[in-house]
Amino acid sequence: MSRTRVGVLISGRGSNLQTLLDAQATGQAPFEIALVLSNDPAAGGLDRALRAGVETAIVDHKPFGKNRAAFEDAMHAALTEHAIEFVALAGFMRVLTPGFVARWAGRMINIHPSLLPSFPGLHTHARALEAGVKLHGCTVHWVSDGVDEGAIIGQAAVPVKPGDTPDTLAARVLRAEHQLFPMCLALAVQGRSAQVRGFGPRDDAPLLLNGWLADAP
Ligand code: GRF
């Protein structure tokens, strides 16, 4: 099987990255995590990459100040040096410029902790609780110019329970993210028009909603 060389961009603990590394370790995934790139030298996800024997790069955004294009050029250079074909954003906390997005158009996906188009941006779990929604969840989508606006590849929903706090809800959503992300990355790198199958919703088995790639760019 030919495997797509994926670069994973992170800023933090990297639990979603870990699910991609675990999927790769099965030998069944159509992707190879060939580089883990962090904008934060202290990101915990870098250790996960090292433990899995995956190359890492750090492109700290701070020295670039407001020059986002130069920061992104440095990231792009690291990605091309490692012959990366596809990018997965896994908790990457910098907003990308249209220039970088255009370079990776149709080859870059993101995971977001809400059922988009509800709750784009930050603090999604607290906002979902405030809004009183009964279902919450996560979305994997293509990256487009608008933040959290690209075409949806797959979604997983979990129930909101009485007494939930942002933290308990975040933990439930995170378990769903860990199921959804490797599945959607596998579909996306294969460019397949496929449907992610539904099951749940329960605590441990989220409901997977639409998962078509037909409207991908
Ligand atoms: C996840 O909730 C992801 O959806 C969001 O940032 C968080 C990253 O968590 N974009 P982790 O670093 O993968 O553990």
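Thresholds, definitions, all that
Residues numbered from 1 in each chain as written. Predicted model: local features only at pLDDT ≥ 70, side-chain atom pairs only at ≥ 80, totals over all residues. Heavy atoms only, no water. Buried < 20%, exposed > 50% of the residue type's maximum accessible area, 1.4 Å probe, protein only. Helix = DSSP H or I, 4+ residues; strand = E, 2+ residues; numbered from the N terminus. Right-handed = clockwise from strand over helix to strand, strands pointing away. Salt bridge = Lys/Arg side-chain N within 4 Å of Asp/Glu carboxyl O. Pairing = 2+ DSSP bridges. Core = buried A, V, L, I, M, F, W, Y, C linked by side-chain atoms within 4.5 Å. Domains from an automatic or database assignment. Contact = heavy atoms within 4.5 Å. Disulfide = S-S within 2.5 Å. Phe/Tyr/Trp six-rings, centres within 6.5 Å; stacked < 30°, edge-to-face > 60°. Near = heavy atom within 4 Å. Polar contact = N/O pair within 3.5 Å; in protein donor to acceptor, adjacent residues only side chain to side chain. Nonpolar A, V, L, I, M, F, W, Y, C, P; charged D, E, K, R; others polar.

Colleague: Please clarify how the pairing of strand 2 (residues 31–38) should be interpreted in this entry.
Modeller: The two faces of the sheet receive side chains in turn, since in a regular strand these alternate between them. Counting buried positions along strand 2 gives seven out of eight residues, so the element sits mostly inside the fold. Read as a crossover between parallel neighbours, the route from strand 1 (residues 4–10) over helix 1 (residues 15–25) to strand 2 is right-handed. Between the parallel elements strand 2 and strand 3 (residues 56–58), the chain passes through helix 2 (residues 45–51) in a crossover that is right-handed.

Colleague: Can you walk me through the pattern of salt bridges in this structure?
Modeller: Any two side chains of opposite charge can pair, so long as their charged atoms come close to each other. Following the criterion strictly, the structure yields four salt bridges and no others. For the salt bridge of D60 with K62, the shortest nitrogen-to-oxygen distance reads 3.7 Å. With relative accessibility at 55%, the residue K62 sits in the exposed group. Close ionic contact of R103 with D73 constitutes a salt bridge, the shortest N to O distance being 3.0 Å. A residue pair is termed long-range when its members are at least 10 positions apart, and R103 in helix 4 (residues 98–103) and D73 in helix 3 (residues 68–81) qualify at 30 residues.

Colleague: Sorry if this is basic, but what is going on with the pairing of strand 5 (residues 108–112) here?
Modeller: Across the five residues that make up strand 5, a large majority, five, are buried. Residues M108, N110 and H112 line one face of strand 5 and the alternating positions I109 and I111 line the opposite face, and both faces are buried. Looking at chain direction, strand 4 (residues 86–89) and strand 5 are connected through three bridges and run parallel. By the bridge assignment, A88 is partnered in strand 5 with I109.

Colleague: Looking at this structure, I do not really get the nonpolar core. What am I missing?
Modeller: The nonpolar side chains of a soluble globular protein tend to be buried, and buried together. Within the largest apolar cluster, 39 residues are counted, with the highest numbers of intra-cluster contacts made by V6, V8, F31, I33, I109 and L185. Of all the elements, helix 6 (residues 166–190) adds the most residues to this core, at 10 residues. Both of domain 1 (1–105) and domain 2 (112–217) provide at least three residues apiece to this core. With residues up to four places along the chain from it excluded, the contact list for V8 reads L17, L20, I33, L35, V36, L37, A88 and A90. If you look at the next biggest cluster of nonpolar residues, it comprises 20 residues, including L35, L37, A57 and V101.

Colleague: I tried to follow the state of the cysteines on my own but got confused; where do I start?
Modeller: Covalent bonding between the sulfur atoms of two cysteines is what defines a disulfide. Tallying each qualifying case throughout the model produces zero disulfides. Here C138 is not disulfide-linked; the sulfur of C184 is the nearest cysteine sulfur, at 8.5 Å. Overall, the relative accessible area of 0% leaves C184 in the buried class.

Colleague: Explain the packing of aromatic side chains here, please?
Modeller: Pairs of aromatic rings are described using the distance from one ring centre to the other and the angle between the two planes. Under the criterion given, the structure shown has two aromatic pairs. Ring centres of F64 and F71 lie 5.9 Å apart, and the angle between their planes is 55 degrees; on these two criteria the pair is classed as tilted. Owing to a relative accessible area of 27%, F64 belongs among the partly exposed residues under this scheme.

Colleague: How should I be thinking about the site of the ligand in this particular structure?
Modeller: Residues in contact with the ligand, as listed here, are R13, G14, S15, N16, G91, I111, H112, P113 and E177. A distance of 3.1 Å is found between a nitrogen atom of the ligand and a backbone nitrogen or oxygen belonging to I111. Contributions of two or more residues to the shell around the ligand are made by helix 1 and strand 5. Grouping the amino acids of the shell around the ligand by side-chain chemistry returns two nonpolar, five polar and two charged. Residue assignment places the shell around the ligand across two domains, with domain 1 (1–105) and domain 2 (112–217) each supplying three or more.

Keep in mind that these numbers describe shape and distance, not what the molecule does.
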